Amino acid sequence: FIGSVSSFDNLRDNVVSEDRQKLLSMVSGMAFLLINVFLGLFGTFWFRTQQRVGEIAIRKVNGATAASVFRRLTSEGLLLLTIATPFAVACDWLITHYQLNQCVWGWDFFEPARFAVTVVITYLLMALMIVLGILFPARKAMKTEPAIALKDE
């Protein structure tokens, strides 16, 4: 019995180490998922914008400014995100409400305020990913001369 006695410092260090390991594991998983989602959205909207170089050239010939073309492309991307968000929120609400996901932090209750905050943060992160996925190819497409962009059409 006496040989198994540990100091409170050792016990506290073990608990803190376990919590730190859990947090590191969760942050690593979150970073992995964010990178995958970012690359997927970024690539999708990059490809989608690259396919519309001819359309951008026609808009430029008809007098559209670079800002108006960029606004149109980003508004279309954000409209797609806004249309998809209610369906994703409904699915996530059901998963969270019925506790079908693992409670990592030990919370055994559903909290609507926390849910709303995560929905808003997720929406803003995905909107940022979409804007970045459109920004770079759109800038490149807007710098291309319309005659060069339309020669393959």
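Above: the structure in question.
As the structure is a prediction and not an experimental result, all values here were calculated from the model.

Thresholds applied
- Per chain, residues are indexed from 1 in the order of the written sequence.
- Predicted model: local features are reported for residues with pLDDT of at least 70 only, side-chain atom pairs are reported and counted for 80 or more only, and whole-chain, interface and lining totals are derived from all residues.
- As a convention, hydrogens and water are excluded, and side-chain values are obtained from all of the structure's heavy atoms.
- The convention used is that axes are lines fitted to C-alpha atoms, helices contributing only their stretch in contact, and that angles between N-to-C directions extend from 0 to 180 degrees.
- Each helix corresponds to a stretch of at least 4 residues labelled H or I by DSSP, and each strand to a stretch of at least 2 residues labelled E; elements are numbered beginning at the N terminus.
- Angles below 35 degrees are treated as roughly parallel, those above 145 as roughly antiparallel, those between 65 and 115 as roughly perpendicular, and all remaining angles as oblique.
- Note: crossing handedness is left-handed where the near helix turns anticlockwise from the far helix by less than a right angle, and right-handed where it turns clockwise.
- Two residues qualify as a contact provided that any one of their heavy atoms is within 4.5 Å of a heavy atom in the partner residue.
- Residue polarity is assigned by list, with Asp, Glu, Lys and Arg as charged and Ala, Val, Leu, Ile, Met, Phe, Trp, Tyr, Cys and Pro as nonpolar; anything else, Gly included, falls into the polar class.
- Helix span is expected to be 1.5 Å times the residue number reduced by one.
- In this scheme, a residue with accessible area under 20% of its type's maximum is buried, one over 50% is exposed, and one in between is partly exposed, where area comes from a 1.4 Å probe on protein chains only.
- Residues belong to a common nonpolar core when they are buried Ala, Val, Leu, Ile, Met, Phe, Trp, Tyr or Cys residues joined through side-chain atoms within 4.5 Å.
- Criterion for a salt bridge: a side-chain nitrogen of Lys or Arg within 4 Å of a carboxyl oxygen of Asp or Glu.
- The rule is short: rings of Phe, Tyr and Trp, with Trp giving its six-membered ring, pair when the centres are within 6.5 Å, and they are stacked under 30 degrees, edge-to-face over 60, tilted in between.
- Whenever two N or O atoms come within 3.5 Å, that pair is a polar contact, provided that in protein one can donate a hydrogen and the other can accept it, and provided that, for residues adjacent in sequence, both atoms are side-chain atoms.

Student: Residues and numbers for the packing of helix H1 (residues 8–50) against helix H3 (residues 66–97), please.
Tutor: The geometry of H1 relative to H3 is characterised by a closest axis approach of 12 Å and an angle of 135° between their N-to-C directions. Accordingly, the angle class assigned to the pair H1 and H3 is oblique. For the pair H1 and H3, the sense of crossing is right-handed. Every residue of H3 that contacts H1 at Phe45, Arg48 and Thr49 is listed here: Leu73, Glu76, Gly77 and Leu80. Considering only residue class, the contact of H1 with H3 consists of three nonpolar, two polar and two charged.

Student: Any details on H1? Residues and values, ideally.
Tutor: Taking 1.5 Å of rise per residue, the 43 residues of H1 would be expected to cover 63 Å, and the 61 Å separating its terminal C-alpha atoms lies within 8% of that figure. For H1, the complete set of buried residues consists of Leu41, Phe42, Phe45 and Thr49. Buried residues in H1 make contact with helix H2 (53–61), H3 and helix H4 (112–143).

Student: I'd like a description of the nonpolar core, backed by residues and values.
Tutor: Ranked by internal contacts, the top residues of the largest apolar core, which has 14 residues, are Ile56, Leu73, Ile130 and Ile134. The set of elements that each furnish at least two residues to this core consists of H1, H2, H3 and H4. Looking at this core, the element that brings in the most residues is H4, giving seven residues. Not counting residues within four places of it along the chain, the set of residues in contact with isoleucine 130 comprises Leu41, Phe45, Gly77, Leu78 and Leu81.

Student: For the pattern of salt bridges, give the residues involved together with the corresponding values.
Tutor: Applying the stated criterion across every chain yields a total of six salt bridges. Between glutamate 76 and arginine 52 there is a salt bridge whose closest N-O contact spans 2.5 Å. Here glutamate 76 is found in helix H3, whereas its partner arginine 52 is found in the loop between H1 and H2, with 24 residues between them in sequence. Both residues of the pair, glutamate 76 and arginine 52, count as buried. In this structure, arginine 59 and glutamate 55 form a salt bridge, with 3.3 Å as the shortest nitrogen-oxygen distance.

Student: Which residues make up the packing of aromatic side chains, and what values do they have?
Tutor: Under the definition given, this model contains four aromatic pairs. Ring centres of phenylalanine 42 and tryptophan 46 lie 5.3 Å apart, and the angle between their planes is 50°; on these two criteria the pair is classed as tilted. With a gap of four residues between them, phenylalanine 42 and tryptophan 46 both fall in helix H1, about one helical turn apart. The class for tryptophan 46 is partly exposed, based on a relative accessible area of 33%. Taking the centre distance of 5.2 Å and the plane angle of 85° together, the rings of tryptophan 93 and phenylalanine 115 count as edge-to-face. Of this pair, tryptophan 93 sits in helix H3 while phenylalanine 115 is found in helix H4, placing the two residues 22 residues apart along the sequence. Of the residues examined, tryptophan 93 reaches a relative accessible area of 34% and is grouped as partly exposed.

Student: How would you explain the side chain of glutamate 76 if you had to name every residue and give the values?
Tutor: On the basis of relative accessibility, which here comes to 18%, the residue glutamate 76 falls in the buried class. Among the polar contacts made by the side chain of glutamate 76, one reaches the side chain of arginine 48 at a distance of 3.5 Å. Aside from chain neighbours lying at most four places away, what touches glutamate 76 is Arg48 and Arg52.

Shape descriptors only; they carry no functional weight alone.
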